[in-house]
Amino acid sequence: MTGEEGRVELRLTVDGAERTASIDPRSLLLDALRDELGAIAPKAGCRTGDCGACTVRVDGAIAKSCLRLAVADDGCEVRTTASMAVGGELTPLQQAFWDTNAFQCGFCLSGMLFAAEDLLERTPSPSETEVREAISGNLCRCTGYDAIVAAVLSCAAPPVRSSRGA
Amino acid sequence: MTTAVPPRLTGSPVRRQDGDVFVTGRAVYTADVRADGAAHVALVRSPHAHARIVAIDAAAARALPGVLAVVTGDEAAEHCEEIPHGLDAGHLGGHHAVVRPLAVGTALYAGEPVAAVVATNAADAALAAAAVEVTWERLPVVLDAEQALLPGAPLLYPDWGDNLIIERDVGPDDFTAAAADAAHVLEGELRTHRGTAAPMETRSYLADWDPAAGKMTVHATTQNPHVLRTVLAATLRLDEEAVHVIAPALGGSFGLKMYGNREDFIVPLLARMLGRPVRWVEERSATLLAGTREQVLRYRVAAAADGRLLALDVHAIADHGAAAPTHGWGMAHVGALATGLGYALPSCHVRYQVVATNKAPWVGTKPFGKDGATLLLERVVDRVAQVVGVHPAEVRRRNFVPPDSFPWLHTSGLELDSGDYATALDLTLKRLDHPAVLAEQRTARAAGRLLGIGLAFELMPESADIPGALVSAFDTSTVRMSPTGRVTVLTGVTSPGTGNETAIAQLVADELGVPMSSVQVVQGDTERCPYGFGNISSRSIITGGNAAVLAARDVAATLRATARAMLQVEPTEEVVLAGNAAALAADPSRVLPLAVVAGAVHTLSYRLALDVEPRLESTRTYRPGNVRQVPDALGRMQTYTTYPYAVHASVLEVDPETGSVTLLRHVVTHDCGTVVNPMFVDGQVTGGVAMGIGAALGEELVFDPDGVPLTTGFKTYLLPRAIDLPTVELEHLCTPAPGTPLGAKGVGESGFSGALAAVVNAVNDALAPHGAALESTPVSPPRILAALQAVGR
């Protein structure tokens, strides 16, 4: 089953825009986003859910898009890092990643930014250990992670308790 | 006259110029480049480590929907030449291997591509690749370098008569004489495991052949677009100008994406055979085929009673895997050159043998064989310290090349330019609070805990020159200013994602007195940039950066001469370029916006400065003066430009019940001379340390008894994650590289080797109270438990 035969229509809201695409039903969400909808922010690093470079938000929840069939997300709202900055204004987290050199090649950024954003929403004043745990579903080969941890901690709200480990 | 402009941006932690593009997900990598109508490639790979290809039946695959072509190795070979070698062992006394884009006749390792399927989409291509039926005749495999050297071992290349790619000697072989008066002679063996680079982005290519124009355009994950163009043209029987290579943003590389990998050639070849755009994105399991580092290192070391090293003799047996046209085997040579470097060793000899086995080949991987040399020396120094009863820090101090001894000619022929190794050691121990950590260790040991402290000194020869190969120690940059004062830098060096383009912009902005926002650096395009050797050997700032400084100084001289004419002052009057303006040094109120001066050069050249060529553009090549390609009487050459170094200390605890290691601290003092951007330098060193720790503790390519890789993804090849690592504590030292415009030394490979060695030494220190030792890597839990069990723990 391939070619034009057997293709199915996928409806997604991608980065705020309602989109439809005729896709191969075997498509992963990652491939539908990248190949059919031109959303290149999520990257294919491993296709096994280990590196996190393909991370997006699906109906608000962070998700590794290489582990999802696109058709299963029909009708969902998908956000990539391309729509993190609202109105062209970088979020404090994006700004911090830039200012503190929290990336080098940048391939891991979708996973790192979303994991960090998700952490700060749940835990506004995380400890360093909490930050390290929160981004440990993602791999970075360039930075050694220290700059990423520093960037996330710089965006933490003033702590309401001791910042020692969780 | 010229005047040095006080640096403003150089040395500052300027952030990445294009960082907003990355954090908003808009950066375009090779796999993101749009190509309407591009077909997709899937490779048919050998499931066997050694097997003859009896027949390939592609009829079923060709009949599948969406399939455009199935190309076998035999068919591909008709359309191209063999791949040129980056470093041909056959020209250096070893064996030449014919390597083609797809295997012909025999597959020599599991995962070797033997056929390619092209289909309208990637899923169909993958499905069809699985449907290609290959009839195999399995051959005996050899998976161990020492066994491969034995008579009667299965041969990968029967016409060679053995499995030896090359063997060579580095340094005078005079151990016996040099060791005559030694108080101690120790023998030992160190075994290092097979690792890989594993950048987050796998390799990818998009090739587009325009038959009418006879033009091939290739977007490639490559560190060396110009050299790739040269070898692609040769392989495809095209003129060089018919090939246009573009390197988009690179998602990490660490050596993996140096030119010459057979994947470089498959996709362009298919594009030409099919006459349409073709793309391929490498599967992660294939990225993890590339090997490095696996060696047996046998040594004899002679030491005086006070711990001074008198002589070292090493026999290195490198498990290369199948022969390859890349520079991979050169890692064994560079490891030999670097062995003992930085220590005042009167005698050092390395004999290395690069051996072919039925594994995927070595691919040049950060830090290019120097890691083995570091690990060997740092284990040797710790063993000597134990024998002579002197602390390992003191033994290192007694053996370092002293800071007043440069230039220092090492036995391998490399000539160290500068450094202060003992001060780096002192800074590391001070940051560590060494006495306090030793006291903590005593307390821990008294309580039965296995706390270890490991030291390591790393010295990285950088910015290589390989005589006769397309790897030179020089590179070229163009600096161009427009009539409105905008600056474009075109350079032959590329970035694997490190941000060196921003650092080059800092240098140029300082020379011209313009803000960062005025400078754009263009890299990685063979039709825009001057011919260059790209990103290898931590060379981008040394070569491309220094060249850009020289070119910017030419442009600055024209701006200054024109400004003097506009201000009607004498040619001897000093003009300062700063703040986007040209001002008289003697009277800063007499100032012109730089854009006005640049405009005048372009529009008023007949009225102003008639003696100045009206061109705000210069192309300069920086060729470091200290490389020597002509061999000396002993056949030795000086083939590296700079010598950055570091001293590491690692503190960790071993759990005797599980063998697991918890890293508590890692301290590094690093010296890369003049620092252009401290934030970027810290990033390089920290990233290198993380990679070195990963190599020490667990990253390992593992094979089944038939040679089939078991580490096919990140669930089995275990990169360190954030939770596995301590915060790296950095100290800096600066001994500028003498005789260079900037004084900068390479930094791209720093951190790895010392971290690897410090962790291995720390694990051994942790195990020492039980009399256990571990002279092989990785120092993973099963090996640690085995080492403890071996001494009855």
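All of the points below concern the structure found in this document. (Residues numbered from 1 in each chain as written. Chains lettered and ligands numbered in written order. Predicted model: local features only at pLDDT ≥ 70, side-chain atom pairs only at ≥ 80, totals over all residues. Heavy atoms only, no water.)

Examining the interface of chain A and chain B
Alright, step 1. Listed as interface residues are 47 residues of chain A and, on the opposing side, 57 residues of chain B.
Alright, step 2. Taking both sides of the interface into account, the surface hidden between chain A and chain B amounts to around 4,100 Å²; carbon and sulfur atoms contribute 56%.
Alright, step 3. On the surface where chain A and chain B come into contact, there are 30 residue pairs in polar contact (both at pLDDT 80 or more).
Alright, step 4. Broken down by secondary-structure element, the contributors of at least two residues to the side of chain A that touches chain B are α2 (92-99), α3 (109-122) and α4 (128-134) of chain A.
Alright, step 5. Here the element with the most residues in the side of chain A that touches chain B is α2 of chain A; it accounts for five residues.
Alright, step 6. Residues that form the side of chain A that touches chain B fall into these classes: 19 nonpolar, 18 polar and 10 charged. (Contact = heavy atoms within 4.5 Å. Buried area = accessible area lost by both parts, 1.4 Å probe. Polar contact = N/O pair within 3.5 Å; in protein donor to acceptor, adjacent residues only side chain to side chain. Helix = DSSP H or I, 4+ residues; strand = E, 2+ residues; numbered from the N terminus. Nonpolar A, V, L, I, M, F, W, Y, C, P; charged D, E, K, R; others polar.)

Regarding the sheet that holds strand β21 (residues 487-491) of chain B
All names here are of chain B.
Alright, step 1. On the basis of which strands lie adjacent, the open sheet formed by four strands has the order β22-β21-β20-β26 and mixed pairing. Looking at the sheet topology across the chains shown, the edges are occupied by β22 (519-522) and β26 (617-622). Each neighbouring strand pair of the sheet contributes to a mean axis angle of 20 degrees, computed without reference to strand direction.
Alright, step 2. Inspection of the sheet shows strand β20 (residues 475-481) paired to β26 by six bridges, in the antiparallel sense. What sits directly across from Arg480, in β26, is Glu617. (Pairing = 2+ DSSP bridges. Axes fitted to C-alpha atoms, helices over the stretch in contact; angles between N-to-C directions.)

Examining the packing of aromatic side chains
Alright, step 1. Under the defined criterion, the tally for this structure stands at 15 aromatic pairs over all chains.
Alright, step 2. Here the aromatic rings of Phe107 of chain A and Tyr29 of chain B are separated by 5.1 Å at their centres, their planes lie at 90 degrees, and the arrangement is edge-to-face. One end of the pair, Phe107 of chain A, is in the loop between α2 and α3; the other, Tyr29 of chain B, is in the loop between α1 (19-23) and β1 (39-45), on a second chain.
Alright, step 3. On the basis of relative accessible area, Phe107 of chain A is assigned to the buried category, the value being 5%.
Alright, step 4. Residues Phe457 of chain B and Tyr645 of chain B carry aromatic rings whose centres are separated by 6.5 Å and whose planes lie at 50 degrees to one another, so their mutual orientation is tilted. With a gap of 188 residues between them, Phe457 of chain B in strand β18 (residues 450-459) and Tyr645 of chain B in strand β28 (residues 645-654) connect regions that are remote in the sequence.
Alright, step 5. Looking at Phe457 of chain B, the relative accessible area reads 3%, which means it is buried. (Phe/Tyr/Trp six-rings, centres within 6.5 Å; stacked < 30°, edge-to-face > 60°. Buried < 20%, exposed > 50% of the residue type's maximum accessible area, 1.4 Å probe, protein only.)

Examining unusual backbone geometry
Residues and elements named next belong to chain B.
Alright, step 1. A cis amide bond links Lys366 to the next residue, Pro367, at an omega of -5 degrees.
Alright, step 2. Tracing the sequence through the fold places Pro367 in the loop between β15 (347-355) and α11 (370-388).
Alright, step 3. Cis geometry marks the peptide bond from Phe406 to Pro407; its omega dihedral reads -5 degrees.
Alright, step 4. The phi angle at Arg237 is positive, at roughly 60 degrees, despite the residue not being glycine.
Alright, step 5. According to the relative accessible area criterion, Arg237 is partly exposed, its value standing at 45%.
Alright, step 6. Phi at Ser537 takes a positive value of approximately 55 degrees, unusual for a residue other than glycine.
Alright, step 7. Along the chain, the position of Ser537 falls in the loop between β22 and α16 (540-567).

What to know about α16 of chain B
Residues and elements named next belong to chain B.
Alright, step 1. If you check α16, its first and last C-alpha atoms are 38 Å apart, about what 28 residues at 1.5 Å a residue would give, namely 40 Å.
Alright, step 2. Counting buried residues in α16 gives 23 out of 28 residues, a clear majority hidden from the surface.
Alright, step 3. At the C-terminal side of α16, Gln568 shows a positive phi close to 55 degrees. (Expected span 1.5 Å × (residues − 1).)

With respect to helix α19 (residues 752-767) of chain B
Alright, step 1. Compared with the 22 Å implied by 1.5 Å per residue over 16 residues, the 23 Å span of α19 of chain B between its first and last C-alpha is a close match.
Alright, step 2. Within α19 of chain B, 15 of the 16 residues are buried, which leaves it mostly tucked inside the rest of the structure.

Some thoughts on the sheet that holds strand β29 (residues 661-671) of chain B
Residues and elements named next belong to chain B.
Alright, step 1. One open sheet holds the four strands; their spatial order is β18-β28-β29-β30, and the pairing between them is mixed. Sheet topology places β18 and β30 (728-732) at the edges, where each strand pairs with a single neighbour. Taking each pair of neighbouring strands and ignoring which way they run, the sheet shows an average axis angle of 15 degrees.
Alright, step 2. The pairing of β18 with β28 spans 10 bridges and is classified as antiparallel. Residue Leu450 lies in a different strand from β28, and its bridge partner there is Val654.
Alright, step 3. Packing of helix α14 (residues 434-446) onto the sheet brings it into contact with β18, β28 and β29, and relative to β18 it is tilted by some 145 degrees.

Concerning the side chain of His219 of chain B
Residues and elements named next belong to chain B.
Alright, step 1. Note that His219 resides in strand β10 (residues 215-220).
Alright, step 2. Its relative accessible area of 17% is what places His219 among the buried residues.
Alright, step 3. Not counting residues up to four positions away in its chain, the partners in contact with His219 are Thr30, Val33, Ser204, Tyr205, Leu206, Ile246 and Pro248.

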